[in-house]
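Observations on the three-dimensional arrangement
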Amino acid sequence: MLNLGCGKRIHPAWVNVDFQVSAPDVVACDLTKGIPFPSASFDVVYHSHLLEHFSRNQAPAFLSECHRVLKPGGILRSIVPDLEVIARRYLEELEKAAACEKGALERYEWMTIELLDQLVRHEPGGQMLKYWKRVPIPAEEFVIERMGTEVRGVLAGLRRTPAVLDDAGGHPGPSALGAFRLSGEVHQWMYDRVSLTSLLQDAGFVDIVRLGAGDSAISGFQAYGLDLEPDGSVRKPDSLFMEAVKPMPERRRAPQTLRSKPLKVAHFALWGHGGAGIAAARLHEGLRATGVDSRMYVLSKQGDDPSIEVVPSRQGELLQKNGKIVSPSLARHSARWHATLARYPARSPYLEAFTDILSDTRLASLKGFQEADIINLHWVGGIIDFEHEVEALANKPVVWTMHDMNPLTGGCHYSGGCERYATSCGSCPLLDSLDKSDISERIWAKKKAAYDRLDLTCVTPSKWLGDCAGKSSLWQGRERHVIPYGLNTDVFKCGNQEALRKQLGISSDSFLVFFGAESVANQRKGFMHSFNALCSLRKRLGAEGIALAIVGHCPSELAAALPFQAYQFGYVNSPEDMAKAYSLADVCILPSLEDNLPNVGIESLACGTPVVGFRIGGVPDIVTHMETGYLAGAGDVDGLCDGLVWALEQKRAASPVRLQCRKRALEEFNLLKQAKAYIELYESILAEKKR
């Protein structure tokens, strides 16, 4: 593995090369004259914030050299300042400054420096160093957010020898200026995802993808600490991270004969929010980042992503509602499902939802459906009409990503331990029905008739749900695969807990427990177990510093009954704000009684916060007992309390548990890994179909 332009960021597992020797393990080399190693010498070539220091004419030759020294199938990881992101943030702060928003002028000044200074400076450090030497530094936390934790060390060094640099207005002579401009400090060009992709293609690379800082196809990359700090934070947050592959000799032609166009996938989900919707949207995002032509179809949409479309009703209706685009079909289906439940007044309060297989949408009319190579279903109640659209679905291979048990059952989404779905449902205990031919049995029978005509492949995010699918007679004899969820680890990352708590007036000594659910009153999510465990903790330790952070709707009467400090954040739509909420906490409590692979768990780990929960469903897939959290027996409140004590001990001992959590999330739940697993599955299904 070759690390070019390494600076002080070196690792003994790599061959480290730089213009000057900064450590015994560094090879000195002027890379403008080529890379001094034989062809096909390396499996991996890495360079970070190096390419922009070559002139625009030199850059293609340098990337060709990277291609030359790589073995066929080898990986190039190239990191540069992201011109697109910098320019967008500059324009954003410009608008805010023009509107006289508080603090915007200082942020605007910094973004101007970030955009221009290293391109135009004519002295070491340029305007950037002058800005850093101000006392105090304007918008300091903003600068650190943009530049990464490395700048903290620079600022600390400057403050040990405080001095304000005044611009005397002098200019070096032409010779001195020319020498400085060619010294390697200034940026000779800047890149975005389009221009860098084009350069890599011209150099002969394939499989070019944009990634997060913590995502990589390089085995064990996160452990080398090249793009991530020890606490899991991004070393250079202003960066564009891209990877590409040197093609195998026989591989360059093969994709052209098998597939002349990108793989086309159409996803169907009720919506892109809520647990299942968020997971579906993340997969869609990950596939698009790896070059797949992925489209997503929903009945309710927020935002302006053109790759996500709302499916109109048969009458072509669409509505604007509370900033969303909504199909009127959604309200009609919801009313029908509620009417079904109303016929069973003695139903279990554990029953959250009960959905059928009907819809008034038509898949065959959608261009994306017609052109798709693969159909990927998600939480599809109300958007897929299995009773009347079997013919359209039967013409396509279908991958069904199961986010709960509904594809296995006659209507419920979690069975509460009932296993009647293994045969044919009926006499549904959640509906309090004694009728063998009740609505659950009738829906189950219609699913069976539809499934028997379809080319279905099952994907479950957790091993538990895969085992449930294996029990179901609806899925017997069909392929089943377990592919965990992935998430953007550049968004869900470790925040500065001390600074975040200071902003909200939360004591750094408080033992803060995070609980998140769309509704705190949802029985399946087990909030009362959290409540009882926290009360036991207080009784056991006599601790006064216990506090609870709640994300989601919490009824006022429940909030009033809490015997300790509670911080209620309500619904949090922003992923960035969710990441801050996890980072605030010392532990995430996850007392679900049934769950697939809850997003809360993997998001918490990615933010460095350990998880305490019951050993049920997919929770053991997330938590390594007493390493990244604590697993109690199902329903064992005392065990849950033991887990909180364990988490408190980790806090007091300043243990590395937060780093372990972050490391596991990077290794197991990164978006690139999930997307690649799906692509391999799609391609194998299509190859088998062709054969």
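Since the model is a prediction, treat every value here as computed from it, not as a measurement.

**Considerations on the overall build of the chain**
From N to C terminus, the chain includes 24 helices and 23 strands. Taking 691 residues into account, the globule formula puts the C-alpha radius of gyration at 26 Å, and the chain, at 28 Å, falls close to it. Overall, the chain is about 95 × 70 × 50 Å in size when its C-alpha atoms are taken along their principal axes. Scored against the burial criterion, the 691 residues of the chain give a buried share of 52%. The contacts in the chain between residues at least 6 apart in sequence include a share of 69% that link residues at least 24 apart. A total accessible area of about 30500 Å² is found for the chain, and carbon and sulfur atoms account for 54% of it.

**Notes on empty space enclosed by the protein**
Under the defined criterion, the tally for this structure stands at 5 cavities of 30 Å³ or more. In this structure, the largest cavity spans a volume of roughly 110 Å³. In the lining of the largest cavity, the residues fall into 8 nonpolar, 6 polar and 1 charged.

**Quick notes on the side chain of S300**
Looking at where S300 falls in the secondary structure, it is placed in strand β10 (residues 300–302). A relative accessible area of 4% places S300 in the buried class.

**Topic: the pairing of strand β22 (residues 611–614)**
Here 3 bridges tie strand β21 (residues 587–590) to β22, and the two strands are oriented parallel to one another. By the bridge assignment for β22, L590 is matched with G613.

**Some points on the sheet that holds strand β11 (residues 308–310)**
The strand order across the open sheet built from 7 strands is β11-β9-β8-β14-β15-β16-β17, with neighbouring strands paired in parallel fashion. On the outer flanks of this sheet lie β11 and β17 (480–482), each paired with one strand and no other. When the angles between neighbouring strand axes are averaged without regard to direction, this sheet yields 25 degrees. Judged from the 3 bridges that link them, strand β14 (residues 374–377) and strand β15 (residues 398–401) form a sheet pairing that is parallel.

**Looking at the side chain of S216**
When you line up the elements, S216 lands in the loop between β6 (206–211) and β7 (239–245). Of the polar contacts made by the side chain of S216, one reaches the backbone nitrogen of I218; its length is 2.9 Å. Reaching out from S216, the side chain makes a polar contact with the side chain of E243 at a distance of 2.5 Å. Every residue in contact with S216, bar those within four places of it in the chain, is listed here: R77, L211, F221, Q222, E243 and L672.

**Examining the pattern of salt bridges**
Tallied over the full model, the rule gives 39 salt bridges. The salt bridge involving R362 is made with D385; its shortest N-O contact spans 3.7 Å. Of the two residues, R362 is situated in the loop between α11 (328–342) and α12 (367–371) and D385 in the loop between β14 and α13 (390–394); the sequence distance between them amounts to 23 residues. Ionic pairing is found between K446 and E387, a salt bridge with its closest N-O pair at 3.6 Å. In this pair, K446 is assigned in helix α14 (residues 439–451) and E387 in the loop between β14 and α13, connecting sequence segments 59 residues apart. The class of K446 is partly exposed, set by a relative accessible area of 40%.

**Digging into the nonpolar core**
Membership of the largest hydrophobic core comes to 61 residues, with the highest contact counts inside it found for F514, F527, L548 and L644. In terms of residue count, the dominant contributor to this core is helix α22 (residues 637–652) (8 residues). The contacts of F514, once residues within four sequence positions are left out, are A549, V551, M578, A581, Y582, A585, V587, C588, I589 and V600. Counting residues in each nonpolar core, the second largest holds 52 residues, with V311, I443, L465 and W475 among its members.

**Structural notes on unusual backbone geometry**
A positive phi angle is found at C100, which is not glycine, with a value near 60 degrees. Among the structural elements, C100 can be located in the loop between α2 (83–98) and α3 (104–120). With phi around 45 degrees, S427 is a residue other than glycine that occupies positive phi space. In this structure, S427 sits in the loop between β15 and α14.

Criteria and thresholds
Residues numbered from 1 in each chain as written. Predicted model: local features only at pLDDT ≥ 70, side-chain atom pairs only at ≥ 80, totals over all residues. Heavy atoms only, no water. Helix = DSSP H or I, 4+ residues; strand = E, 2+ residues; numbered from the N terminus. Rg over C-alpha atoms; globule rule 2.2 N^0.38 Å. Buried < 20%, exposed > 50% of the residue type's maximum accessible area, 1.4 Å probe, protein only. Contact = heavy atoms within 4.5 Å. Areas by Shrake-Rupley, 256 points an atom, 1.4 Å probe, with all protein chains shown as cover. 1 Å grid on protein atoms, 1.4 Å probe; cavity = no way out; pocket = protein on both sides within 12 Å on 5 of 7 lines; lining within 4 Å. Points joined across faces, edges and corners; volume = space filled by probe spheres on them. Nonpolar A, V, L, I, M, F, W, Y, C, P; charged D, E, K, R; others polar. Pairing = 2+ DSSP bridges. Axes fitted to C-alpha atoms, helices over the stretch in contact; angles between N-to-C directions. Polar contact = N/O pair within 3.5 Å; in protein donor to acceptor, adjacent residues only side chain to side chain. Salt bridge = Lys/Arg side-chain N within 4 Å of Asp/Glu carboxyl O. Core = buried A, V, L, I, M, F, W, Y, C linked by side-chain atoms within 4.5 Å.

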